Amino acid sequence: MKRRRHRGNIRRIRQRNRRIFLMMCVCVFGITAIWLSIDEKKIEKKAKQAYTEEIDKEKSKEKDKVYTKEEKLVLADETEKQQWYLRLVNSEHLMTEADVPEVATETVDDNGYQVDVRIMQDLEDMFADARAAGRNPMICSAFRAWDMQVSLYENKIERVMQEEGLSQEEAAVKAGTEVAKPGTSEHQVGLALDIVSSEYQELDEEQMETEDQKWLMENSWKYGFILRYPMDKSDITGIIFEPWHYRYVGKKAAKEITEQNITLEEYVGAKPVQMPEV
């Protein structure tokens, strides 16, 4: 009997030990699971932090790229700024009637429009290539003598007064954003032309949607011309967006201005011309 009790005790001890072992395994497993969960959260937190840091680095790089681009703009040097084809004419660089240079002009077409004789060859080449590409742009304004610019400006003031009920002073300010005040127009130095599509001749923003105008916007720089008053640059040029006004600046300058999406004011380092408040 004593032997049986001894065996029974051993059996109970073994059962107890198994229970203790199982409990220890459960505890170890639970603790391990908890630690794994904590580690996963730490890993996830670190991953999010690393991702955020990487995004911040990329944003910083983008800012640096923009800054670097602005710092490395190719602009006209002092010698180039003195060249006739880069002469800046705007309300900050205005001319009196006596200041307007003597311009040797040549007639462009059957309508009698004239330009500075020095830009004639490049202008003819541009129109010839446009026609070869199936386009048919046409000139609607070119060189203007002083009296003509005065007449255009005064007529515009009168129209604004009648159409919008503004005073003469207010109308003069509004008119100046669309028709240059005498002494501030590039047309007076023979370097500017208004060019429209033969299929749509209105001077408004729809002009930019014509195929003729699209060709000019894409190719005019090759011949030394730039779209002088581009979209979203009125705070620099002081003139509304005019998708018909082209200015000769020479092939080198035209290429650099177009590639960098800047204005003539920016290219020659001139002060921006703010749009007047009406």
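Located above this text is the structure these notes cover.
This write-up is about the structure you can find in this document. (Residues numbered from 1 in each chain as written. Predicted model: local features only at pLDDT ≥ 70, side-chain atom pairs only at ≥ 80, totals over all residues. Heavy atoms only, no water.)

Here the focus is the packing of aromatic side chains. By the definition in use, this model includes four aromatic pairs. Note on tryptophan 84 and tyrosine 85: the rings are 5.3 Å apart at their centroids and 85 degrees apart in plane angle, and the pair reads as edge-to-face. Tryptophan 84 gets classed as partly exposed once you look at its relative accessible area, which sits at 29%. Relative to tyrosine 248, the ring of phenylalanine 225 has its centre 5.1 Å away and its plane inclined at 75 degrees; by these criteria the two rings are edge-to-face. With phenylalanine 225 in strand β5 (residues 225-227) and tyrosine 248 in strand β6 (residues 245-248), this residue pair connects regions lying 23 residues apart in the sequence. Judged by relative accessible area, phenylalanine 225 falls into the buried class, the value being 0%. Judged by its relative accessible area of 7%, tyrosine 248 is buried. (Phe/Tyr/Trp six-rings, centres within 6.5 Å; stacked < 30°, edge-to-face > 60°. Buried < 20%, exposed > 50% of the residue type's maximum accessible area, 1.4 Å probe, protein only. Helix = DSSP H or I, 4+ residues; strand = E, 2+ residues; numbered from the N terminus.)

A word on the nonpolar core. Leu123, Met126, Leu193, Ile195 and Phe225 are the most contacted members of the largest nonpolar core, which has 21 residues in total. For this core, the element with the most residues is helix α3 (residues 120-132), which contributes five residues. Residues within four places of leucine 123 in sequence aside, it is in contact with Val108, Val115, Ile139, Leu193 and Phe225. Counting residues in each nonpolar core, the second largest holds 13 residues, with Leu88, Ile226, Ala253 and Ile262 among its members. (Core = buried A, V, L, I, M, F, W, Y, C linked by side-chain atoms within 4.5 Å. Contact = heavy atoms within 4.5 Å.)

A cluster of acidic residues, Glu106, Glu124, Asp125 and Asp129, forms a negative patch at the surface. The dominant element in the negative patch, judged by the number of residues it contributes, is α3, at three residues. Structurally, the position occupied by glutamate 124 is in helix α3. (Patch = residues over 30% accessible without salt bridge, like charges linked within 9 Å, V, L, I, M, F, W, Y side chains within 5 Å. Areas by Shrake-Rupley, 256 points an atom, 1.4 Å probe, with all protein chains shown as cover. Salt bridge = Lys/Arg side-chain N within 4 Å of Asp/Glu carboxyl O. Lys, Arg positive; Asp, Glu negative; His and termini not counted. Charge placed at Lys NZ, Arg CZ, Asp CG, Glu CD.)

One number sums up the size of the largest pocket: a volume of about 890 Å³. Considering the residues around the largest pocket, the lining is formed by 42 residues, among which Gly176, Glu178, Val179, Ala180 and Lys181 are closest to the centre. With six residues, helix α4 (residues 146-164) is the single largest residue contributor to the lining of the largest pocket. Roughly 280 Å³ of internal volume is contained in the second largest pocket. Lining the second largest pocket are 15 residues, and of these Met217, Leu227, Pro230, Thr258 and Asn261 sit closest to its centre. Among the elements that take part in the lining of the second largest pocket, β5 stands out by supplying three residues, more than any other. Here the lining of the second largest pocket is composed, by residue class, of twelve nonpolar, three polar and no charged. (1 Å grid on protein atoms, 1.4 Å probe; cavity = no way out; pocket = protein on both sides within 12 Å on 5 of 7 lines; lining within 4 Å. Points joined across faces, edges and corners; volume = space filled by probe spheres on them. Nonpolar A, V, L, I, M, F, W, Y, C, P; charged D, E, K, R; others polar.)

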